[in-house]
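Structural characterization, general
Spelled out, the chains give:
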Amino acid sequence: MPAPAASPTDAQLILAVLEREDRRAFGVLVERHQSQVRTVLRRMTRGDVALADDLAQEVFVLAWRNLGKFRFEAKFSTWLYRIAFNTWQSEARKKHEVLLDTEDGSPAESLEMATEMPDVVTRVDLERAMAVLSDGERAAITACFYADLSHEEAAEALGLPLGTVKTHILRARAKLKAHLTKEKP
Amino acid sequence: MNDIDRVLREDARSTLPDDGFSARVMAALPARPRPRPWLHPALILGSAGLGSLLAIAFAPAGASVLQGFADLAQLHLHTPGALTAIAFGGALLASAVVLAIDSD
């Protein structure tokens with residue numbers, strides 16, 4: 001029995017699109033990365049599923065148009081995250097000023113709760129908790145945990161100083177923990 | 001790893017069902033823009049050429065480029081012809097540098 005063919009890598013699929021305008025190859029990339037892009041955007045839009053999916057569609061259309069600019073130096077998922085972040089930022093700017101580096105003044109330490117986290121945290125719980133974060137805190141959390149960027153890569157992608165990203169992460173962790181502990185005593 | 005990190009990592013690893021999303025994206029894709037690698041160099045060289053022609057056309061009387069190069073060869077750097085030749089050569093050099101950087 002012949003061994004099943006290994007699925008093509010992202011780089012092979014991208015080359016197929018660039019060389020032969022292979023829509024099927026791009027379709028595989030969309031299927032492979034849709035979950036991550038849509039999840040990131042759902043968290044960034046405070047759980048607005050319809051808006052997140054509209055933005056995710058825009059992200060993949062932009063990726064299709066600009067695939068020739070992909071340099072193969074970073075992972076395709078990282079490149080997509082950057083497009084997703086810029087798309088969310090453009091949309092958010094239409095509605096209100098996005099303040100990525102605003103400090104809300106509450107020291108992160110004071111938000112640390114001594115209580116234990118609940119054993120089970122549902123997606124809805126987490127979405128609600130993410131909604132209490134500032135734009136900058138949500139952006140930093142999605143970059144580091146959902147797009148799996150290092151703090152340095154996140155700082156570059158978000159256009160923020162490294163120290164600000166670290167502060168956002170620290171503060172966001174504390175807020176999320178406090179909120180989730182309060183929700184589920 | 002603390003608890004909140006674990007919760008976030010688990011959420012990030014969870015998979016959203018496609019629910020027709022990929023099909024909607026594929027239906028919305030426009031035709032890919034045709035690559036035109038010649039356009040950028042043509043614009044740079046065209047601009048440099050136009051600039052050089054204007055420099056020659058509006059140079060003071062007697063300031064021909066050939067005379068300018070002759071002046072430069074004799075280290076007469078401040079004649080109108082020499083300045084025209086320097087401007088002409090500078091425009092071409094700038095174009096070459098921009099194209100070399102762009103091709104990296």
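Shown above is the structure to which this text applies.
Position numbers for residues count from 1 along each chain, tracking the sequence in the order it is written. In the order they appear in the text, chains get letters beginning with A and ligands get numbers beginning with 1. Given that the model is predicted, a residue must reach a pLDDT of at least 70 before its local features are reported, and side-chain atom pairs must reach 80 or more before they are shown or counted; all residues, however, enter totals for whole chains, interfaces and linings. Each side-chain value is worked out from all heavy atoms of the structure, with water and hydrogens disregarded.

1. Quick look at the overall build of chain B
- Scanning chain B from terminus to terminus reveals five helices and zero strands.
- For the purposes of this entry, the term helix denotes a DSSP run of H or I that reaches at least four residues, the term strand denotes a run of E that reaches at least two, and both are numbered from the N terminus. For chain B, the α and β elements follow one another from N to C terminus as α-α-α-α-α.
- Residues count as neighbours in contact if any of their non-hydrogen atoms are within 4.5 Å of one another. For chain B, restricting intrachain contacts to residue pairs at least 6 apart in sequence, the fraction spanning at least 24 positions comes to 39%.
- When the accessible surface of chain B is split by element, carbon and sulfur atoms take 69% of a total near 6,800 Å². Areas reported here follow the Shrake-Rupley algorithm with a probe of radius 1.4 Å; residue values treat only the protein chains shown as occluding.

2. Observations concerning the pattern of salt bridges
- Within this document, salt bridges are pairs made up of a side-chain nitrogen of Lys or Arg and a carboxyl oxygen of Asp or Glu, the two lying within 4 Å of each other. By the definition in use, this model includes 14 salt bridges over all chains.
- Residue B:D11 is joined to A:R43 by a salt bridge in which the shortest nitrogen-to-oxygen separation is 2.8 Å. Of this pair, B:D11 sits in helix α1 (residues 3-13) while A:R43 sits in helix α2 (residues 23-44), each in a different chain.
- For the salt bridge of A:D135 with A:R138, the shortest nitrogen-to-oxygen distance reads 3.0 Å. You can see A:D135 and its partner A:R138 sitting in helix α7 (residues 135-146), three residues apart, about one turn around the helix.
- Per-residue accessibility, obtained with a 1.4 Å probe over protein chains only, is compared with the maximum for each type, and a residue is labelled buried under 20%, exposed over 50%, and partly exposed between these values. The exposure class of A:D135 is buried, given its relative accessible area of 8%.
- Given the relative accessible area of 1%, A:R138 is considered buried.

3. A look at the interface of chain A and chain B
- Tallying the contact residues gives 38 residues for chain A and 26 residues for chain B.
- Buried area adds together the accessible area that both of two parts lose upon being put together, with accessible area traced by a 1.4 Å probe. Carbon and sulfur atoms make up 60% of the area that chain A and chain B hide from each other, which totals about 3,000 Å².
- Put simply, the parts of the chain that give the side of chain A that touches chain B at least two residues each are α1 (10-20), α2, α3 (49-66), α6 (123-131), α7 and α9 (162-183) of chain A.
- Residue contributions to the side of chain A that touches chain B peak at 11 residues, all from α2(A).
- Lys, Arg, Asp and Glu make up the charged group, whereas Ala, Val, Leu, Ile, Met, Phe, Trp, Tyr, Cys and Pro make up the nonpolar group; the residues left over, Gly among them, are polar. Of the residues assigned to the side of chain A that touches chain B, the class counts are 19 nonpolar, six polar and 13 charged.

4. Here's the deal with the environment of A:A52
- Relative to the helices and strands, A:A52 is located in helix α3.
- In contact with A:A52, not counting residues within four places along its chain, are A:R38, A:L41, A:R42 and A:T45.

5. So, the nonpolar core
- Counting residues in each nonpolar core, the largest one holds 61 residues, and the members touching the most others are A:F26, A:L41, A:Y81, A:I141 and B:L8.
- Excluding residues that lie within four positions of it along the chain, A:F26 makes contacts with A:V17, A:F60, A:A63, A:W64, A:L67, B:M26 and B:L29. Nonpolar cores were defined as sets of buried Ala, Val, Leu, Ile, Met, Phe, Trp, Tyr and Cys residues, with membership established by side-chain atoms within 4.5 Å.

6. Some thoughts on α1(B)
- When we look at burial in α1(B), the residues that qualify are B:I4, B:D5, B:V7, B:L8 and B:D11. One side of α1(B) carries all its buried residues, which in axial view fall inside an arc of 160 degrees. Of all possible arcs, the one meant is that of the directions from the helix axis to the C-beta atoms.

7. Re α3(A)
- Residue count minus one, scaled by 1.5 Å, sets the expected span of a helix. Over its 18 residues, α3(A) extends 25 Å from the first C-alpha to the last, a length consistent with the 26 Å expected when each residue adds 1.5 Å.
- Here α3(A) has its buried residues at A:L51, A:A52, A:D53, A:L55, A:A56, A:V59, A:F60, A:V61, A:A63 and A:W64.
- Looking at the packing, one finds that the buried side of α3(A) touches α1, α2 and α4 (76-95) of chain A together with α2 (21-28) of chain B.

8. Things to note about the packing of aromatic side chains
- Only rings of Phe, Tyr and Trp enter the pairing, Trp through its six-membered ring, and a pair is recorded when the two centres are within 6.5 Å. The plane angle decides the type: under 30 degrees is stacked, over 60 is edge-to-face, the rest tilted. Using the criterion set out here, one finds eight aromatic pairs over all chains in the structure.
- Here the aromatic residues A:F70, A:F72, A:F76 and A:W79 are joined through ring pairs into a cluster of three or more.

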